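# Structural features, examined
Next come the chains, spelled out residue by residue.
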Amino acid sequence: MRRGLERAELRGRITQLWRSEFALRTGQHWREENLDCVVGGTSVAFERHGKHLLWKLRHESEDVGVVIHLGMSGRLTVAQGADARAPHTHVIVQMSDGRELRFVDPRRFGGMKAARWEELRSTPPLVDLGVDALDPSFTGAYLYERAGASQRILRDVLLDQTIVAGIGNIYALEALFHARLHPLLRAARLRASAWERLVDAVSRVLQQGIRNGGTTFRDYRGAAGELGMNQRQLAVYGRAGLPCLVCGTSLEGFVSGGRSGAYCPHDQRRPRGRVA
DNA sequence: CAAGAATCCTGAATGC
DNA sequence: TGCATTCAGGATTCTT
């Protein structure tokens, strides 16, 4: 998403902001959305930390930013002002060149908020996030330090954005498969070498996802509206009951914490048989 | 503390 | 065909 927006080269000035009558994510961090403060600003760059997109703007010699989270069904697209608005369009940022950045989100689990750049980086939700999953400082040693004593299952450790930011259910399950680790294994039972393996697998599945333009089951689209292709490469997510692509064993499904998952009972064995 | 459930929403798919 | 139920790339908040 970030790369697609960067490619769109939104270098003009923000002339106006339009919002639908519906709120996006409500809750502590998004309460003071302050979106109107971007009007008059000029786009500088799009950055990212985990699943949070950061739009950096210059406004009267001051750095201002917008944090965007797509939630489950959020989409950002760059459109011409005259283009028809998709259903569930909730925010439109109009640019001086006639283009618009549009936030479309049927379920409204996504969020947007604006503030001065430094404030944005030093307050929730950004300040609560762990290291980015693709940052070189995300290492086996780091994960061991943060989760090595935890009784939580590995899948949930990977989903905890305060430990490592940027991994969702799909990529967590895929990474565990590639690291040959059981998703329901308690974190405290892992050895140092396995943590390294897991970090390596996370990096590989995320980079593959980016190369393939994202994973589109239903809602995800790139900045130009294009579909992702990564759903074709998934080894375990959504494949419970189907044969493992490596060994042919029927993949096992599970539900934990209200979220479903799958793994190969042959390739992702539990070290000592006991599990969650 | 941490694990689990309920919650915020809509739409697609499935079941009867 | 129509209506009800279930489930979904997420995160927060409350309860146990």
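Above this note sits the structure.
Worth saying up front: this structure is predicted, and the values here are computed from it rather than measured. (Residues numbered from 1 in each chain as written. Chains lettered and ligands numbered in written order. Predicted model: local features only at pLDDT ≥ 70, side-chain atom pairs only at ≥ 80, totals over all residues. Heavy atoms only, no water.)

What chain A contains, in helices and strands, is six helices and 12 strands. Over its C-alpha trace chain A gives a radius of gyration of 20 Å, about what one expects of a compact globule, namely 19 Å for 276 residues. Along the longest, intermediate and shortest principal axes, the C-alpha atoms of chain A span 60 × 35 × 30 Å. In chain A, which comprises 276 residues, the share counted as buried stands at 49%. Considering only contacts in chain A between residues 6 or more positions apart, those separated by 24 or more positions represent 61%. Taken as a whole, chain A presents about 13,600 Å² of accessible surface, with 47% of it coming from carbon and sulfur. The average position of the 40 basic charges and that of the 29 acidic charges among the side chains of chain A differ by 8 Å. (Helix = DSSP H or I, 4+ residues; strand = E, 2+ residues; numbered from the N terminus. Rg over C-alpha atoms; globule rule 2.2 N^0.38 Å. Buried < 20%, exposed > 50% of the residue type's maximum accessible area, 1.4 Å probe, protein only. Contact = heavy atoms within 4.5 Å. Areas by Shrake-Rupley, 256 points an atom, 1.4 Å probe, with all protein chains shown as cover. Lys, Arg positive; Asp, Glu negative; His and termini not counted. Charge placed at Lys NZ, Arg CZ, Asp CG, Glu CD.)

The subject of this paragraph is the protein's contact with DNA strand C. Neighbouring DNA strand C are 21 residues; R218, D219, Y237, R259 and S260 lie closest to it. If you look at DNA strand C and keep only atoms within 4 Å of the protein, 58% of those are sugar or phosphate atoms. Here a phosphate oxygen of DNA strand C sits 3.2 Å away from a polar atom, N or O, in the side chain of H29. In this structure, F217 approaches DNA strand C through a main-chain N or O atom, which is 3.3 Å from a base oxygen. Contributions of two or more residues to the surface near DNA strand C are made by helix 5 (169–178) and strand 12 (259–263). (Near = heavy atom within 4 Å. Polar contact = N/O pair within 3.5 Å; in protein donor to acceptor, adjacent residues only side chain to side chain.)

Another point: the protein's contact with DNA strand B. As a structural note, the neighbourhood of DNA strand B is formed by H88, P106, R107, R108, F109, Q151, R152 and R218. For DNA strand B, a base oxygen lies 2.8 Å from a polar atom in the side chain of R107. A distance of 3.2 Å separates a phosphate oxygen of DNA strand B from a polar atom in the side chain of R152. Here the residues of the surface near DNA strand B sort into two nonpolar, two polar and four charged. (Nonpolar A, V, L, I, M, F, W, Y, C, P; charged D, E, K, R; others polar.)

Attention now goes to the pattern of salt bridges. Taken as a whole and assessed by the stated rule, the structure comprises 14 salt bridges. Taking the shortest distance from any N to any O, the salt bridge between D132 and R48 comes out at 2.8 Å. Residue D132 is found in strand 9 (residues 131–132), and its partner R48 is found in strand 2 (residues 42–49); the two are separated by 84 residues along the sequence. When its relative accessible area of 9% is taken as the criterion, D132 is described as buried. Judged by relative accessible area, R48 falls into the partly exposed class, the value being 37%. Put simply, D267 and R180 hold a salt bridge, and the shortest N to O gap is 4.0 Å. (Salt bridge = Lys/Arg side-chain N within 4 Å of Asp/Glu carboxyl O.)

What follows is about the side chain of H49. Within the secondary structure layout, H49 lies in strand 2. Separated by 2.7 Å, the side chain of H49 and the backbone oxygen of G130 make a polar contact. With residues up to four places along the chain from it excluded, the contact list for H49 reads L54, R121, L129, G130, V131, D132 and A165.

The next thing to look at is the sheet that holds strand 3 (residues 52–59). One open sheet holds the four strands; their spatial order is 2-3-4-8, and the pairing between them is antiparallel. Because the sheet does not close on itself, it has two edges, and the strands there are strand 2 and strand 8 (111–116). Neighbour to neighbour, the strand axes of the sheet diverge by 20 degrees on average, direction disregarded. Note: strand 2 against strand 3, seven bridges, orientation antiparallel. When the bridges of strand 3 are listed, A45 appears paired with K56. (Pairing = 2+ DSSP bridges. Axes fitted to C-alpha atoms, helices over the stretch in contact; angles between N-to-C directions.)

Take the packing of helix 3 (residues 140–147) against helix 6 (residues 192–211) next. Helices that pack against each other are described as a pair by the angle of their axes relative to one another and the distance between those axes. It is the contact of helix 3 with helix 6, at a shortest axis distance of 8 Å, that shows an interaxial angle of 115 degrees. When the axes of helix 3 and helix 6 are compared, the pair comes out roughly perpendicular. Crossing angle aside, the handedness with which helix 3 passes helix 6 is right-handed. Residue-level inspection shows G140, A141, L143, Y144 and A147 of helix 3 in contact with helix 6, the latter providing W195, E196, L198 and V199. Partitioned by chemical class, the residues of the contact of helix 3 with helix 6 number seven nonpolar, one polar and one charged. (Parallel < 35°, antiparallel > 145°, perpendicular 65-115°, else oblique. Left-handed = near helix turned anticlockwise from the far one by under 90°.)

That's the geometry; what it means functionally is another story.
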